[in-house]
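Structure at a glance
So you can see what is in the structure, the chains are spelled out below.
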Amino acid sequence: MDLYTISSNFLFAAFILYLIGTLFFGATIGQKRQQNIKSKSSKIAISITILGFTAHLSYFIIRWFASGHAPVSNMFEFIAFFGMMLILGFIIIYFIYRETVLGLFALPIAILIIGYGSMFPREISPLVPSLQSYWLKIHVTTAATGEAILSISFVAGLVYLIAKVDQTVRSKHTTWLEIVMFFIFATAAFIIVTTTFEAMNYQSVFTQELNESVRDIEYHLPALIEPNSSELKTEGAFSTGLEAPEWMRGDEAGSKLNTLIWSLLAGFVLYGLTRLILRKRVAAAIQPKLSRINLDKIDEIIYRSVAIGFPVFTLGALIFASIWAQEAWGRFWGWDPKEVWALVTWLFYAAFLHLRLGAGWHGEKSAWLAVIGFTIIMINLIVVNLILAGLHSYA
Amino acid sequence: MKKVKCECGHINHEGTVLCEACGKPIEENQHIDNNDKNKLLNMRYDGSARRSQTKKRTIVDKTWAFFSSVKVGVWLIALTLIAAALGTLYPQEQFKQSRLPSSQFYEQEYGITGKIFYQLGFHNLYSSWWFITLVALIGISLVICSIDRVIPLHRALKNQKPKRHEIFVKRQRFFSETEGVSDKDREMLIQNLKNRRYKVREEDGHILAEKNRFSRWGPYVNHIGLIIILVASILRMFDFMHTEDYVWVREGETKVVPTTDQQYYIKNEKFIYEVYDRNDERFQEALKNEEFDVPSNFQTNAVVYKVKEEVIPGQEPELEEVTRGEIRLNHPLKFDGYSAYQSGTQLRSEYETISFSIKNSDGQDVGDFNFKPNVDKRKYELKDGYNVVVTDYYPQFEITEEGPSSSSKFPRNPGIIFEVNGPNGHSERYFYLNEDIVALSEDQQFNVNLEDTKLITASGLTIKKDFSLPVFLVGAIIFMIGVAQGLYWHHRRVWLHPTGNKVLFAGHTNKNWYGLKNEIEQALEGTNINMVNDQQEKF
Amino acid sequence: MFKNKKVRLIFRTVVLTALIAATIAVIYLNSLKDNPVLAEGDDAPNFMLERLDSNEVIELDQLKGKGVMINFWATYCEPCKKEMPYMEELYKEYQDKGIEIVAVSVDKNRMVIENFYNRFDLSFPLVHDKKGTIMELYQVQPLPTSFFINPDGTIERVVKGPLTLDRLETYFKEILPKN
């Protein structure tokens, strides 16, 4: 077995261990508070999480050996690292606050993130000249760690909102909370759909004529929407015949839009079925399980993880980033989309801290801010890399 | 100025919420921090008199109060955030990678929304006057907010006395009452607190234990860092601090370095372009899917010269080598405060030499004609009295309405018309274009063949001088110290307040209550004092 | 910190004025950024190049006392070639009145300039800026660009893009020596 395979197996092991850990964390809720701290299942749960983290770390180190550079050089590697740091952040917060319910949410979110990253090409790719710098490992790892710690505040915020938002009547808050839930389902749906068709080796090819040149475009999901002005080439392959709008001209714009539609539709089905089975809002179904948690403590975790993550994020995503940009391009700041979104993230959490400390935004308000903050981080990770793609378009 | 005298005898500034010395709420000011509506005291800025909260009289005071408000600060941050995000909707003008002028590019590429984006000036958003104004307003807010809070807070913390008013102690978030506390308990508590590095002060049996007060200055330290960064970006607008330019240097060419007042020249000795080996075991899986080679190196081997003695521009100066080295991505070449960065390449895009072999009517070789597009030479002598004369040369050949022409000065697609003259006066004309030779004369006796072509690479270098960098770095370091100080340490205080036969005990921290609770638990260990209740806890 | 309100008011006024002044200065500086380094009113940098059409040398500073038009052009620039006849036409008329034209070609190879030169009958001086040094010195971006220089050596006008006969004559009159 070569190093690449070994490292991939470790990642898979981590993935499975996090799944098992989630189940054990699930077993801890509903137990009485004092009891569950020392309860067996919470001990097992955190042990499995640490074991999973160790496997995850092994993946990282072995892959580093195999490739000769820090494995944070493409979308898959970055997300895998981000997921790892999310787990690390959770473990640290766990040992400060001993809050098991956090694990029940942190682990599945980490699983979804790792799963999402695994849908991108996983081969070890060589470093293009612009990435050949020791600042790659310093900048990217610090920035990802900062983002991961900040994401813990989202996990805590989600717990807070599910426990706190009044589910007896329908309100703006319940609706938004369900929208958050829906996106979690859609991410899961994306992973399921992509993996299923990958296992089936599904492929269809379109030929697209653009600016007098003809090119082939591969689809790995059945075409719900075709690339703009294209012809189906693969005989007998499924296609609705609908075309992507004209302004979507990027190489893979059609394929990306198709994947997005698939994820949203499948997410809708998944979410709808869940609603049908539960016969109530998803958050409302989870709420009773969280009746015993200490909301003040969760509120403090929301704030603490921002307080811990903010300096790390500043250091990695702004300061180290600027130093590297200065080395590579001779300008430490250039208003590249990725840089702008790092600034947007930073400004947002700066506002979060000011509102919390200066204007007394605690509890629910803080929790909603944490959710918005995570949305910005995800935009930075997904939308900016895949759609706005400037200098950082390493995906 | 109107002063407020507290019953403890301390004289407070106008607008004080909690007496600086004893903490007793000052009656007429409780609305400021909403204390009148709550059970617990609002401990923000320790109830000190923020000067923006005083009565606003003049326009200056009103403006001051405006910028001093956290609410305004957050609004400014939010507006900047939204504006910055909007600018990434479509590429900024500098990133548009299209030859179309912006007036057409945005509409053609993105339709009506693109047109609006352009018409609103969002294609140059980050250098627009209004965006810069927003950032400047944040800067103003930073300065005024800090001045307005740090001074009263400092005064409040300096003036605080161990002996606090009963109301102050009772209305803290962490609070307990205990009867029958012995002197031994007190001693034990003091010892425990000292072991946890609390500074303990006593007054008439009242105790104030405090640690990490410096954490309270964190926000102001980081604001100073940010202000330094903003100052640095102002400095950077001046040429003596920062210049930037771009120069294309072809292999073998020596060019004046822009922005150096014609003082420096740079030569591109050789350009190296390397790609990853497709058979490399580590990367072969990934490279299999790549249509084009993946580059592994862009490198200019450069020599930098300084002008020895100034000459009038246009004349050839005498040059003196300053430094030589490799310029690669991530490895700029530095010389005398300037840095040269590898920023662009036109890979093997221009002809350096085009070689022809020429045979006479007897089939004998009469020598090679090596045409060098960038050399001012018209007549090339060959052997045996033969020669070649270049009559027309088009560096980048094209046909326009007016006949053959060139679209640039660079030999990217040279077209050459030349005559081959024999010793006996016989002459033939040829046309060369795109690796093809066409005889223009009838009765062709000579034989002209293309032997070889040599292509060179043009290397694009960014030339920078930036003396503002250390200022930015200092600002960034101060900012980091400030945020770490403010967010990684916590200002914690506990009070012991004997009253009658009871002892009141209270604790306060600006954050991480959970940590304080644990610490109080440990400090009370071995004493008879009751553990504090979280008076805010609702669950 | 302050003894009385008056001191406080002065302090606030000073701080606010300084901050607002800095903001206005930044906005002003930023608006200047796109302007060329060489603007109207600046001294035209000196240069010295050999003439292509004779063996003489042209040095800009030697032409002080005359109104000078420096015309940056190239053989591959069609609009440049179109304005040459206008320049020739007016040169004949204004040369005696104290106007000089220096046409600076930024081509890389002298041959192409000679071929062009032989086809047209131009009498004003032509020089060759082979390495682009003068182009860099004058920060020339589009071709053609013309600088109209007063007899005292200051730049009267910078024109980017081609000229018409009328405009050319107007600009010549602006830089005409006063005697």
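Residues numbered from 1 in each chain as written. Chains lettered and ligands numbered in written order. Predicted model: local features only at pLDDT ≥ 70, side-chain atom pairs only at ≥ 80, totals over all residues.

A short note on the arrangement of the chains
Ranking by contact count across two pairs of chains in contact places chains A and B at the top. The least C-alpha distance between chain A and chain C, which are not in contact, is 16 Å. (Contact = placed C-beta atoms within 7 Å.)

Here's the deal with helix α4 (residues 75–97) of chain A
It helps to recall that an α-helix has 3.6 residues per turn; residues three or four apart then point in one direction. Residue and element names in this part refer to chain A. Between its first and last C-alpha, α4 extends 32 Å over 23 residues, near the 33 Å set by a 1.5 Å rise per residue. Along α4, 17 of the 23 residues are buried, which leaves the element largely enclosed by surrounding structure. Once α4 finishes, Arg 98 follows within two positions and takes phi at roughly 55 degrees, a positive value. (Helix = DSSP H or I, 4+ residues; strand = E, 2+ residues; numbered from the N terminus. Expected span 1.5 Å × (residues − 1). Buried ≥ 20, exposed ≤ 12 C-beta atoms within 10 Å, placed from the backbone.)

A few points about the interface of chain B and chain C
Taken together, the contact pairs 36 residues of chain B with 37 residues of chain C. When residues in the side of chain B that touches chain C are grouped by element, the largest group, seven residues, is from helix α4 (residues 129–159) of chain B. Considering only residue class, the side of chain B that touches chain C consists of 19 nonpolar, eleven polar and six charged. (Nonpolar A, V, L, I, M, F, W, Y, C, P; charged D, E, K, R; others polar.)

Things to note about the pairing of strand β5 (residues 206–211) of chain B
When a strand is regular, its side chains alternate between the sheet's two faces. Residues and elements named next belong to chain B. As judged from the five bridges shared by strand β4 (residues 199–203) and β5, these two strands associate in the antiparallel manner. Within the sheet, the bridge partner assigned to Glu 202 lies in β5 and is Ile 207. Where β4 folds back onto β5 in an antiparallel hairpin, the turn is made up of two residues, including Asp 204, whose phi is positive at roughly 50 degrees. (Pairing = 2+ DSSP bridges.)

Let's talk about the UniProt feature "domain: ResB-like" (unreviewed entry) in chain B
All names here are of chain B. UniProt's feature table lists "domain: ResB-like" (unreviewed entry) at residues 70–403 and 441–521, given in the numbering used throughout. End-to-end, the C-alpha atoms of residues 70–403 are 70 Å apart, and along that stretch the chain is 32% helix and 34% strand. Here residues 441–521 is 36% helix and 44% strand, with 106 Å between the C-alpha atoms at its ends. (UniProt positions renumbered as here; feature names shortened; annotations may be inferred.)

A look at the sheet that holds strand β5 (residues 126–128) of chain C
Residue and element names in this part refer to chain C. On the basis of which strands lie adjacent, the open sheet formed by five strands has the order β5-β4-β3-β6-β7 and mixed pairing. The open sheet has two edge strands, β5 and β7 (155–160), and neither has a second partner. Pairs of neighbouring strands in the sheet enclose a mean axial angle of 20 degrees, with direction left out of account. Relative to the sheet, helix α5 (residues 165–174) contacts β3 (67–73), β4 (99–105), β6 (145–149) and β7, its axis offset from that of β7 by approximately 165 degrees. (Axes fitted to C-alpha atoms, helices over the stretch in contact; angles between N-to-C directions.)

Observations concerning the packing of α4 of chain A against helix α6 (residues 135–164) of chain A
Residues and elements named next belong to chain A. Direction vectors running N to C along α4 and α6 enclose 50 degrees, while the axes themselves pass 8 Å from each other. With respect to α6, the axis of α4 lies oblique. At the point where α4 passes α6, the crossing takes the right-handed sense. Taken together, the residues of α6 that come into contact with α4 (itself represented by Phe 78, Phe 81, Phe 82, Met 85, Leu 86, Gly 89, Phe 90 and Ile 93) are Val 140, Thr 141, Ala 144, Thr 145, Glu 147, Ala 148, Ile 149, Ser 151 and Ile 152. For the contact of α4 with α6, the residue count by class is twelve nonpolar, four polar and one charged. (Parallel < 35°, antiparallel > 145°, perpendicular 65-115°, else oblique. Left-handed = near helix turned anticlockwise from the far one by under 90°.)

Here we look at the UniProt feature "transmembrane region" (unreviewed entry) in chain B
Residues given the UniProt feature "transmembrane region" (unreviewed entry) here are residues 64–90, 129–151, 220–238 and 467–489 of chain B. From the first C-alpha to the last, residues 467–489 of chain B spans 34 Å; its make-up is 87% helix and 0% strand.

Some thoughts on the domain arrangement of chain A
One frequently used descriptor of interface size is the decrease in accessible area upon assembly of the parts. All names here are of chain A. Split into domains, chain A comes out as domain 1 (3–164 + 295–388) and domain 2 (168–279). The C-alpha-based centres of domain 1 and domain 2 are spaced at 26 Å. Each partner contributes to the interface: domain 1 provides eight residues, whereas domain 2 provides nine residues. Secondary-structure elements contributing two or more residues to the side of domain 1 that touches domain 2 are α5 (100–117), α6 and α12 (363–388). When residues in the side of domain 1 that touches domain 2 are grouped by element, the largest group, three residues, is from α5. Residue composition of the side of domain 1 that touches domain 2, by class: seven nonpolar, one polar and no charged. (Domains from an automatic or database assignment.)

Points about the interface of chain B and chain A
Across the boundary between the two partners, chain B contributes 48 residues, which contact 48 residues of chain A. Looking at the side of chain B that touches chain A, the elements that each hand over two or more residues are α2 (70–86), α3 (102–119), α8 (284–288), β9 (295–307), β12 (338–359), β21 (447–466), α9 (469–488) and α10 (513–523) of chain B. Its residues placed into classes, the side of chain B that touches chain A shows 28 nonpolar, 13 polar and seven charged.

Concerning the nonpolar core
Core analysis: the largest hydrophobic core is formed by 167 residues, its most contacted members being Leu 102, Ala 106, Ala 110, Val 155, Ala 156 and Val 159 of chain A. If you tally residues by element for this core, the top one is helix α10 (residues 295–329) of chain A, at 18 residues. Setting aside chain neighbours within four positions, we find Val 155 of chain A in contact with Leu 102, Phe 105, Ala 106 and Ile 109 of chain A. Membership of the second largest hydrophobic core comes to 64 residues, among which are Tyr 394, Phe 397 and Val 420 of chain B together with Tyr 94 of chain C. (Core = buried A, V, L, I, M, F, W, Y, C linked by C-beta atoms within 7 Å.)

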